[in-house]
Protein chains: 4
Amino acid sequence: MRPVKVGIIGAGRIGRLHAENLVRRVPGVEVVAIADVVEEAAQRCAKKLGIPRAYGDPTPIFEDSEINAVLICSSTDTHACFIEQAARSGKHIFCEKPIALDLEEIDRALDAVKKAGVFLQVGFNRRFDPSFSAARDAVAAGKIGRAHLLKITSRDPAPPPIEYIKVSGGIFLDMTIHDFDMARFLMGEEVVEVYAAGAVLVDPKIGEAGDIDTAVVTLRFESGAMGVIDNSRRAVYGYDQRVEVFGERGMVRVENPKPHQVMVLNADGDHGPPLLHFFVERYTDSYVRELSAFFEAIQKGEEPPVTGRDGKIAVVMGYAAKRSLEEGRPVRLSEIAPSL
Amino acid sequence: MRPVKVGIIGAGRIGRLHAENLVRRVPGVEVVAIADVVEEAAQRCAKKLGIPRAYGDPTPIFEDSEINAVLICSSTDTHACFIEQAARSGKHIFCEKPIALDLEEIDRALDAVKKAGVFLQVGFNRRFDPSFSAARDAVAAGKIGRAHLLKITSRDPAPPPIEYIKVSGGIFLDMTIHDFDMARFLMGEEVVEVYAAGAVLVDPKIGEAGDIDTAVVTLRFESGAMGVIDNSRRAVYGYDQRVEVFGERGMVRVENPKPHQVMVLNADGDHGPPLLHFFVERYTDSYVRELSAFFEAIQKGEEPPVTGRDGKIAVVMGYAAKRSLEEGRPVRLSEIAPSL
Amino acid sequence: MRPVKVGIIGAGRIGRLHAENLVRRVPGVEVVAIADVVEEAAQRCAKKLGIPRAYGDPTPIFEDSEINAVLICSSTDTHACFIEQAARSGKHIFCEKPIALDLEEIDRALDAVKKAGVFLQVGFNRRFDPSFSAARDAVAAGKIGRAHLLKITSRDPAPPPIEYIKVSGGIFLDMTIHDFDMARFLMGEEVVEVYAAGAVLVDPKIGEAGDIDTAVVTLRFESGAMGVIDNSRRAVYGYDQRVEVFGERGMVRVENPKPHQVMVLNADGDHGPPLLHFFVERYTDSYVRELSAFFEAIQKGEEPPVTGRDGKIAVVMGYAAKRSLEEGRPVRLSEIAPSL
Amino acid sequence: MRPVKVGIIGAGRIGRLHAENLVRRVPGVEVVAIADVVEEAAQRCAKKLGIPRAYGDPTPIFEDSEINAVLICSSTDTHACFIEQAARSGKHIFCEKPIALDLEEIDRALDAVKKAGVFLQVGFNRRFDPSFSAARDAVAAGKIGRAHLLKITSRDPAPPPIEYIKVSGGIFLDMTIHDFDMARFLMGEEVVEVYAAGAVLVDPKIGEAGDIDTAVVTLRFESGAMGVIDNSRRAVYGYDQRVEVFGERGMVRVENPKPHQVMVLNADGDHGPPLLHFFVERYTDSYVRELSAFFEAIQKGEEPPVTGRDGKIAVVMGYAAKRSLEEGRPVRLSEIAPSL
């Protein structure tokens, strides 16, 4: 099969991570160009990885008829616009989450994708984590019967800079959004209502910036099943990412992996290492696997596994949680977006 | 020191369990009488354990001036009345939870205790579980710094009979009540607000009886910390009792003990045994330890470790959860009981 | 069924432990007398547990026709002699390990038992540990197919006093003897050869007393399967008692139980408690279960589960290990005892 | 720093694995040529990875003055000869284990290396496994004090083909050799004596081929510490690779990593996945890390971390084990090689 030719938009941390994975670990793909507003960043990355062309602007990528697909890894505020441009240029699209913070923008972008008949995958990489995808498989295979209760623990090792928090859209749209998607993925059904409780316990500056740093979000699924997500911006023992799905015939549980398997036992007890530091270490495999899945799907002409609708619903859930927190009451998703 | 002479009221499952523990495992105590409305039950138990006297009515126990303390293990509706009688007779009281389902009755009972100057301990045995008490010690010792998030998973192996559910006061007053007490115990602070979500997923008959079988309860503590309890009436893999307290400097975590330490590894993977079946197996030690603590306290003339106020607050939390579920909004404890 | 009347010989640590278990935890048994060379020790124990008679000499126990069974918990050098006396008195016998350190004495004792037609159980309590007995059940049920490799780790928390070591018969007859019995129990077959390597690493005084404190013993079973036992007299992290049986279709593994299930996670990693301290804490249940099994067997008129032959073979293995260590070569059990 | 130019000899499984790691994961290295007796294999690999030159014979690699280092990944019988040729050509050498099965050949090869003043690293990759290297670090840092007992469990998922076994040199030189090196690495001291016991339990054809498939090897270190290795050619539950080092102040323990962290709990108990299949999956990181360490060392002009002497001693231990098994007695390494 002829390799898919790819252009990458954005040479920041996640763009470079995807670029390296595409070049080194995803067969059947050829990265032919990379663009970044900081042209030098694009050039440095291109040089390091042997990517032929580097630009300070994505236009030549959209105009390059040889390019079949683009990866949008630029800042959030540019996602929707680049999706529309890419769609109009007839290119398949892999876009980092969130599609946009504005629901109308999302709708316009998804419309453009639909009209153009191209494929779009949103970067909810955690679905491709070997443990979480095996957990989903177990649930889908009926190993626990009908699901009753979902639990997700998702705690970062340290909060981002306050400047970032100010433009992030808030914890629910920046951090919990991954857990919202994970909830739908693991349960295989839609959430209808959320109730969010939150607090500022990690750093008062986060509160001053109008956000919270600790949250407990209760979910209600359409089947009547329930879920709960707990978040913290700072777990000193490392990146804490656990899930469990409990049902009529049992429970599927995913604990944190360890950086190594060494235990030291002494007169004080037994001692193991802290958890993996953060998402780059914890979700290494998932980044490779999400891109492999994307390119496999478009090579086969099939819908990729995380759709634009998935991307939109997670944002809707974020807004529902936000409103719930503000108003101190459960909020139905239909209050945010009448139809999904 | 002279042994404390004890009368036991109630020779049902929990009364017999306490009786046997007192006779065989708690030194410095002499059980001199046991009473049960089914007099034969009292006699059988007395005979088996060598308890000198057995009655079909507790009156002779209250009247026996030799008896220093009573254990109230009769049905819930009799607790408050027997507490008052015991208090008036000048006897120290160990009473099974809940004190009563009616808050005014509770207040009357606690008043009687106060007026009589006797001691009262409520049977929240889980505080005395070696793991949970070690977890509380770690939190109190500052091992995790300021607490941010509490999580309690509490799932029974199977629902009680529907007839029992009908008179139980509902899941929050019957089952979650233990978790409400555990929440206050582990955190060492008061809950100010609860939000309860619930569903009927285990058995529709439970719904027909006006109750739920699956619940997620969000707690807000006075410090701003949050908590979440999840309950199910049926975990097929056994009695699931876990807690975690997460804070600024770490996390304390209690996992389920196993009935034995055998693992079988074969071509399908590794396999361990189901969890301990239910509370009698899981909390064996805690029952002995709560009685030891009670008698140690009264021997020293000190307030026992679980007070009447503790017993009352757990009931108030149960009513707050009930109202929250009915009205679909967070409920402050002060709405139920203006002062605690 | 009428209760079995029991006399206990020896009111030292293990005698008192058995006495308390019999009185409090083993139904259908009545302890009517206890004897100890230190008569006061017997009296103290009798008083504490409500045992009617206490003696400074076991003769009245042997002469008491009402007594059906004796527990021999006195010092090792008296075991064989008391077995013979008890057998001649027609009493069933539970005897602590080892039967004797002299093989001829053992044979004489076993002959007396045989002639008298009474039952004898030897105190290899670990067979009755819930984990080890479940492991044996799994092996016997064919869960791992034919067994290939047995591993036993058995490490004490601290060495006994040097004075004790001098009269103990050496590590193989004092400490490894339990592991030798465990090896035969778990595999369900006989050992034909042992190779023992040893060293003095814990305390040079142990070496000066003519013993070793660290050992690795290789076993060869009659089926060709192999085993290895490792011992140390001092594991600072607690009493380390693990086994694994590896076979053609898998492995059965027993890890150490923990005193509680609390983990603390902080910036240094995760931390659990040290292991249970020593045999009294680790094997609590096994002591109750071995006595229950003994009395159940004799009530039914059946051979108890750990025979005199089992007691003898473990001693033979101890001598084979001793000779192997001295001569630096594998030693067949048949070199020590031509027929077993 | 200018990249090191490398030639790879051998394009079989391990050669291709190293080639891919060098091209994709080890910075500062440029693979300029690959050779294999099956020239087509070399060409295929070269094409896939963008290696400029491919040969059916290693001579052009030795003659290429631009090449600084070679990787010898060809069949065992060619290692020593290629080491000598590479040394004479002034190239640094990374050679797969074992250097040779003949001790004189090894000596000649090591002499050639010494004379040429080049560096040689032997491919004991397990030293670079993150868990085993962290375990070694803990031991070296004194975390457990003086080491008393080493335990290594090393079991393959399935035996190699009988044809391979016939030419492998036997289990001790083919499989246990890795454990012999691990023993010296973890303890940081030399073994002086080995006692090997073995059996044919997995497959009688292995016995017919003159080998064993199950082994227990006791080690004695120069400090007096002891060790034990257990091997099996077939663990149906996956590749079982565990170690523990027990000492005066505690124990360091390495358990097996899992392919993912999913547990399923149901009425039968809890269930996890089988272990990683074999060395390619289990030791992925170690292969990258051993090459990084090699190239880092030669770039700095320092002795690489696994020397030719390390390679020789592991072979000597293999022969000592072989003789021990044949003669049924412990064998000192000095009997095999008078000086090491």
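Residues numbered from 1 in each chain as written. Chains lettered and ligands numbered in written order. Predicted model: local features only at pLDDT ≥ 70, side-chain atom pairs only at ≥ 80, totals over all residues.

**Observations regarding the relation of the copies chain D and chain B**
Least-squares fitting of chain D to chain B yields an RMSD of 0.0 Å, with the transformation described by 0.0 Å of translation along the axis and a rotation of 180°. Classification of the inter-copy transformation places it as that of a two-fold axis. Rotation axis and chain D: the residue whose C-alpha lies nearest the axis is His271(D), separated from it by 2.3 Å. (Least-squares fit on C-alpha atoms with pLDDT ≥ 70 in both.)

**Some words on the pairing of strand S9 (residues 214-221) of chain C**
Residue and element names in this part refer to chain C. Of all 8 residues that make up S9, 8 are buried, and the element is covered over most of its length. Burial along S9 is two-sided: the face carrying Thr-214, Val-216, Thr-218 and Arg-220 and the face carrying Ala-215, Val-217, Leu-219 and Phe-221 are both buried. Bridge count for S9 against strand S10 (residues 226-232) is 7 bridges, and the pairing is antiparallel. Paired with Thr-214 across the two strands is Ser-232, which belongs to S10. What sits between the antiparallel neighbours S9 and S10 is a turn of 4 residues, in which Gly-224 has the positive phi angle 100°. (Buried ≥ 20, exposed ≤ 12 C-beta atoms within 10 Å, placed from the backbone. Helix = DSSP H or I, 4+ residues; strand = E, 2+ residues; numbered from the N terminus. Pairing = 2+ DSSP bridges.)

**Regarding the relation of the copies chain A and chain B**
Least-squares fitting of chain A to chain B yields an RMSD of 0.0 Å, with the transformation described by 0.0 Å of translation along the axis and a rotation of 180°. Here 100% of the interface residues in chain A have copies in chain B that are interface residues too; the copies meet face to matching face. (Contact = placed C-beta atoms within 7 Å.)

**A word on the domain arrangement of chain A**
All names here are of chain A. In terms of domains, chain A is made up of domain 1 (4-118) and domain 2 (127-283 + 314-336). Of note, the centres of domain 1 and domain 2, computed from C-alpha atoms alone, are 28 Å apart. Taken together, the contacts link 6 residues of domain 1 with 6 residues of domain 2. Classifying every residue of the side of domain 1 that touches domain 2 gives 5 nonpolar, no polar and 1 charged. (Domains from an automatic or database assignment. Nonpolar A, V, L, I, M, F, W, Y, C, P; charged D, E, K, R; others polar.)

**A look at helix H12 (residues 284-300) of chain D**
Residue and element names in this part refer to chain D. Over its 17 residues, H12 runs 25 Å from end to end, which matches the ideal 24 Å to within 8%, given 1.5 Å per residue. Residues of H12 that are buried: Ser-286, Tyr-287, Val-288, Arg-289, Glu-290, Leu-291, Phe-294, Phe-295 and Ile-298. Contact partners of the buried residues in H12: strand S1 (4-9), helix H1 (13-25), strand S2 (29-35), strand S4 (69-72), strand S5 (92-95) and strand S6 (120-122). Looking at the residues trailing H12, positive phi occurs at Gly-301, about 70°. (Expected span 1.5 Å × (residues − 1).)

**Overview of helix H9 (residues 176-187) of chain C**
Residue and element names in this part refer to chain C. Between the first and last C-alpha of H9 there are 16 Å, a value that for 12 residues agrees with the 16 Å anticipated at 1.5 Å per step. H9 sits mainly inside the fold: 12 of its 12 residues count as buried. A positive phi of about 65° marks Gly-188, the residue just after H9.

**Points about the interface of chain A and chain B**
A common way to state how big an interface is: give the accessible area lost once the parts meet. Facing 26 residues of chain A, the contacting portion of chain B comprises 26 residues. Every element with two or more residues in the side of chain A that touches chain B is listed here: strand S7 (147-155), strand S8 (191-199), strand S9 (214-221), strand S10 (226-232) and strand S12 (250-254) of chain A. Looking at the side of chain A that touches chain B residue by residue, the classes come out as 14 nonpolar, 7 polar and 5 charged.

**Points about the sheet that holds strand S2 (residues 29-35) of chain B**
The pairing of strands in a sheet comes from backbone hydrogen bonds and takes either a parallel or an antiparallel form. Residue and element names in this part refer to chain B. As summarised here, the arrangement of the 6 strands in space is S3-S2-S1-S4-S5-S6, forming an open sheet in which the pairing is parallel. Pairing within the sheet leaves two strands with one partner each, and these edge strands are strand S3 (53-55) and strand S6 (120-122). Across the sheet, the mean angle separating the axes of adjacent strands is 20° when strand polarity is ignored. Pairing geometry for strand S1 (residues 4-9) and S2, over 6 bridges, is parallel. Considered in S2, the bridge of Gly-7 is made with Ala-33. (Axes fitted to C-alpha atoms, helices over the stretch in contact; angles between N-to-C directions.)

**A look at the sheet that holds S6(D)**
All names here are of chain D. Read across the sheet, 6 strands follow the order S3-S2-S1-S4-S5-S6 without closing on themselves; strand pairing throughout is parallel. The open sheet has two edge strands, strand S3 (53-55) and S6, and neither has a second partner. The sheet shows a mean angle of 20° between the axes of neighbouring strands, direction not considered. Bridge count for S2 against S3 is 3 bridges, and the pairing is parallel. The residue bridging Ile-34 from the neighbouring strand is Ala-54, located in S3. Across the sheet, H1 touches S1, S2 and S4, and the angle it forms with S2 is around 155°.

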